[in-house]
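Chains, contacts and geometry: an overview
Here are the chains, one letter per residue:
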Amino acid sequence: MGAATPATVVTTAREGAILVVTVDNPPVNALGVAVRQGLAAAMAAAQADDGIAGVLLVGAGKAFIAGADIREFGKPAMSPSLPEVCRSIEDCTKPVIAVLHGAALGGGLEVAMSAHYRLALPAASLGLPEVNLGLLPGSGGTQRAPRLMGVKAATELMLSGKHLGAKAALQAGLVDRLVESGTPVAAGLAYANELLAQKAPVRRTRDIAIANPSGALADLEALRADTAKKTRGLFSPLKIIECVQAAVQLTFDEGLARERALFLECLDSPQRAGLIHAFFAERETAKIPEAQAAQPRAFKTLAIIGGGTMGAGITVSALDAGFTVTMIERDAESIARGQKNVEKVYDGLIAKGRMTEEGKAATMARYTPSTSYDEIADVDLVIEAVFEDLEVKKAVFKELDRVCKKGAVLATNTSYLDIDAIAAATSRPQDVIGLHFFSPANIMKLLEIVVPAKVSADVVATAFELAKKLKKVPVRAGVCDGFIGNRILAVYKQAADYLMEDGASPYEIDEAVRGFGFAMGPFQVTDLAGGDIGWATRKRRAATRDPKARYVEVADRICERGWFGQKTGRGFYLYPQGARVGQPDPEVLAIVDAERAKKGVTPRQFTPEEIMRRYMAAMVNEGAKVVEEGIALRPLDVDVTFLSGYGFPRFRGGPMKWADMQGLPQVLADIQAFEKEDLLFWKPAPLLVKLVAEGKNFDSLNKAA
Ligand code: 3HC
Ligand code: NAI
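A quick note: this is a predicted structure, and the numbers were derived from the prediction, not measured.

Turning our eyes to something else, we now look at the overall build of the protein chain. In terms of helices and strands, the protein chain carries 31 helices and 19 strands. Over its C-alpha atoms the protein chain spans a radius of gyration of 29 Å, differing by no more than 12% from the 27 Å that the globule rule assigns to 705 residues. Across its three principal directions, the C-alpha atoms of the protein chain cover 85 × 60 × 55 Å. A total of 705 residues make up the protein chain; the buried ones form 47% of that total. For the protein chain, the share of sequence-separated contacts (at least 6 apart) that also reach a separation of at least 24 residues comes to 73%.

Listed below in structure tokens is the structure:
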């Protein structure tokens, strides 16, 4: 494919007195510099040509225009700017009609709002999602949307980043007409000719007065208070409100100038860099060698083995995606419980008014509960989610090997176990793969696809296809203890334990981690998940633990008292009367003190910043090891794992992106300083040392892959 030029990405054709201007810049008609030049040239041509009475703006392919070209952000600006293009459209003295048949997002909607009339087709999707990228609509969107749809609705649209369908957009006043069928050009020409026949005037959005300015300002105040509370630490949402306030209080041109200044501030913010990294990284993780080497196998029917927490969640996820699912459990009582676990999810939706009884019945019609493996002889894909015990899993896979048809994909949801060993229990290791869902599996986006040694490429490609169908974010992982996510989690959790023993309280650590942007700190997470789970793992591993490695016993002391967290009303925190938010517990602090005294530790003070330097250094160092060992294909796979599965603050882009933004020399220097305290734990990852020596960052590996 040749380089995009204005003439190739924006074409014009005369249809009578109408100039049809088509943006054709696959895949989504993003407004890169060539498109902007092409649009500016087309508008100038339409203006200059006396034979042209109106202009139709359409998009080729599936989108109208999905926005500015995100890849250009952070690079030097090129002329014309999008606000200039929008101005040339709005200034046109002949009616300009935009036809929205697919995504009209961000700058795409700003172009449409600069046109004088807007026609939508049923698949149109309109929105100003810049906030998801750390930005605000920067081409007049914050000034034009409030004029078209009212201040409150426009501000809510921009703060949420949500898309409106064609009908909702019509109701909101964003489009003038909705037609049910036709191609964009045919429907657009019919509408344009009708407007010309009526001598419809040029209607400029900028000339619309904002209704009830004092009421609008009160709405903005309420939104400001709500946003400050909900979007802790985010930069662009409050700037969006500032722009809309300018739309209410200033002239249109002054408002535009304010919007530009604030847009540029957002563009310069590290949050913009983090969020845009996240956007592209999530689209990169599906680019894996096996998908290029092989086609996925066909699959329609699924079996889930185990109906506990995970089996039920995975079943709901599969039913929601339209699959037929057979669930297998050990006995009649367990399968009845499994079915109840599934129904509980749908009953919850019914209670919230998000599902009807009929909807539930239709969904459950695709679900078959059973205790007999013979029922799944013909299914295409099996996901095992039984107890986390290698012998139990091996027995299940022997059974699957016996009953399942040739070519069926056999997957395990194990969190830690050796999938090569599970595969070896069958006569067909080429069909065995790991599908590590996260709890609750019908909600959490992450799916670690764990690739054992003998699996065939088409099975890996099938797993990625399944992720797409289930609307999950897939990340390819290699086999090791904990794969990508849980392996790294174990290490930074240890860093948190060391911090606690060295002087920071669990409450200070949790607060620092929340201050960084996580919704919860590590000790809150332990209390939520149940302290007994980690305790069981620690006991199991006690015999194989390196005797030289530092081991913090505080959590064991807490569990010995039966304090397993929220479910027992007490853990690291107190939960009086079933409270969901915990309170600090002086007895826990006394336990911590006693453990310190036992080890002869003199407690030190740690600032939140010092806490986070250690927490993040541990995460990044293990992340580098995971990349170096090939467990993760690229640093971006580690980032996406943490963004989609571990609540890592999206605006920071993920741990590896965070490290790049700090500068790897700084991160390495920290690790080397900590190494003086504990040679074993803080050993720098060789990859990190190498990158620093070569003056490179993690992103250089993303680009090279
Ligand atoms: N710029 C550059 N590339 C873009 C892009 C954009 N605005 N939007 C999508 N792409 C790329 C994707 O990276 C992907 O590339 P790849 O094939 O190389 O991985 C390709 O287009 C297809 O994208 P998806 O895989 O996401 O395709 P879908 O069909 O699932 O979704 C979409 C299409 C809904 C348009 C989705 O891509 C999307 O949400 N895009 C971003 C929309 C957006 O945020 N627009 C605002 C941009 S900021 C702006 O306009 C600022 C302005 O106010 C000044
Ligand atoms: P669970 O204890 O809630 O459910 C396990 C279910 O398996 C039980 O209902 C049990 O009756 C059933 N079962 C046991 N042996 C069986 C057999 N031979 N045949 C059929 N069914 C059998 O456990 P949970 O939490 O659902 O975990 C299941 C798996 O998912 C484990 O491997 C776990 O490591 C993994 N996992 C768990 C996560 C979590 O947060 N709970 C997250 C990600 C993975």
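Moving on, we come to the site of ligand 1. Taken together, the neighbourhood of ligand 1 is formed by 26 residues, with Ala66, Gly67, Ala68, Gly106 and Gly107 sitting nearest. Looking at the shell around ligand 1, the elements with two or more residues in it are β5 (103-105), α4 (107-114) and α12 (270-284).

Mapped onto this structure's residue numbering, the UniProt feature "domain: 3-hydroxyacyl-CoA dehydrogenase C-terminal" (unreviewed entry) falls at residues 482-575 and 612-696. Helix makes up 59% of residues 482-575 and strand 2%. Its end C-alpha atoms lie 30 Å apart. End C-alpha to end C-alpha, residues 612-696 measures 23 Å, and it is 66% helix and 0% strand.

Attention shifts here to the nonpolar core. One finds Leu56, Ile97, Leu100, Val382, Ile433 and Ile449 to be the most contacted residues of the largest nonpolar core, which totals 206 residues. Setting aside chain neighbours within four positions, we find Leu100 in contact with Phe64, Ala112, Arg118, Leu119, Ala120, Leu121, Ala124, Leu126 and Val175.

The side-chain alternation of strand β13 (residues 381-384) yields two buried faces, one formed by Leu381 and Ile383 and the other by Val382 and Glu384. Where strand β10 (residues 301-305) and β13 come together, four bridges link them in parallel fashion. Paired with Ala303 across the strands is Val382, a residue of β13. By the bridge criterion, four bridges tie β13 to strand β14 (residues 409-412) in an arrangement that is parallel. When the bridges of β14 are listed, Leu381 appears paired with Val409. On the question of chirality, the crossover connecting β13 to the parallel β14 by way of helix α17 (residues 390-403) is right-handed.

Take the sheet that holds strand β1 (residues 10-15) next. If you walk across this open sheet you meet the six strands as β1-β2-β3-β4-β6-β9, and the pairing is mixed. In this open sheet, the two strands that pair with only one neighbour each are β1 and β9 (177-178). Pairing between strand β3 (residues 54-59) and strand β4 (residues 96-100): three bridges, direction parallel. From the neighbouring strand, Leu57 faces β4, where its bridge partner is Ala98.

Turning our eyes to something else, we now look at the UniProt feature "domain: 3-hydroxyacyl-CoA dehydrogenase NAD binding" (unreviewed entry) in the protein chain. UniProt feature "domain: 3-hydroxyacyl-CoA dehydrogenase NAD binding" (unreviewed entry): in the numbering of this structure it lies at residues 302-477. Secondary structure over residues 302-477 splits into 41% helix and 22% strand, and the C-alpha atoms at its two ends are 23 Å apart.

This brings us to the site of ligand 2. Within the structure, ligand 2 sits among 23 residues, and Gly306, Gly308, Met310, Glu388 and Ser439 are positioned closest to it. Looking at the shell around ligand 2 element by element, the count peaks at three residues for helix α14 (residues 309-320). Of the residues belonging to the shell around ligand 2, the class tally is ten nonpolar, ten polar and three charged.

Here the protein chain is partitioned into domain 1 (6-267), domain 2 (299-481) and domain 3 (486-552 + 598-704). Averaged C-alpha coordinates put domain 1 and domain 3 at centres separated by 43 Å.

Within the fold, Pro184 resides in helix α8 (residues 184-197). On the neighbour-count criterion, Pro184 (23 C-beta atoms within 10 Å) is buried. Along the sequence, Pro184 and Leu39 sit 145 residues apart, while their C-alpha atoms lie 18 Å from each other. Beyond its immediate chain neighbours, meaning those up to four positions away, Pro184 contacts Val58, Val99, His101 and Leu121.

The subject of this paragraph is the environment of Pro237. Mapping Pro237 onto the fold places it in helix α10 (residues 236-249). Between the alpha carbons of Pro237 and Leu135 there is a distance of 8.3 Å; along the sequence they are 102 residues apart.

Glancing now at the packing of helix α20 (residues 485-502) against helix α26 (residues 608-628). Remark: α20 packs on α26, axes separated minimally by 9 Å, with the N-to-C direction vectors making an angle of 155 degrees. Our classification of the angle between α20 and α26 gives roughly antiparallel. Judged by the twist between their axes, the crossing of α20 over α26 is right-handed. Here Arg487, Ile488, Val491, Tyr492, Ala495, Ala496 and Leu499 of α20 come into contact with α26, specifically with Ile611, Arg614, Tyr615, Ala618, Met619, Glu622, Gly623 and Val626.

Criteria and thresholds
Residues numbered from 1 in each chain as written. Chains lettered and ligands numbered in written order. Predicted model: local features only at pLDDT ≥ 70, side-chain atom pairs only at ≥ 80, totals over all residues. Helix = DSSP H or I, 4+ residues; strand = E, 2+ residues; numbered from the N terminus. Rg over C-alpha atoms; globule rule 2.2 N^0.38 Å. Buried ≥ 20, exposed ≤ 12 C-beta atoms within 10 Å, placed from the backbone. Contact = placed C-beta atoms within 7 Å. Near = placed C-beta within 6 Å. UniProt positions renumbered as here; feature names shortened; annotations may be inferred. Core = buried A, V, L, I, M, F, W, Y, C linked by C-beta atoms within 7 Å. Pairing = 2+ DSSP bridges. Right-handed = clockwise from strand over helix to strand, strands pointing away. Nonpolar A, V, L, I, M, F, W, Y, C, P; charged D, E, K, R; others polar. Domains from an automatic or database assignment. Axes fitted to C-alpha atoms, helices over the stretch in contact; angles between N-to-C directions. Parallel < 35°, antiparallel > 145°, perpendicular 65-115°, else oblique. Left-handed = near helix turned anticlockwise from the far one by under 90°.

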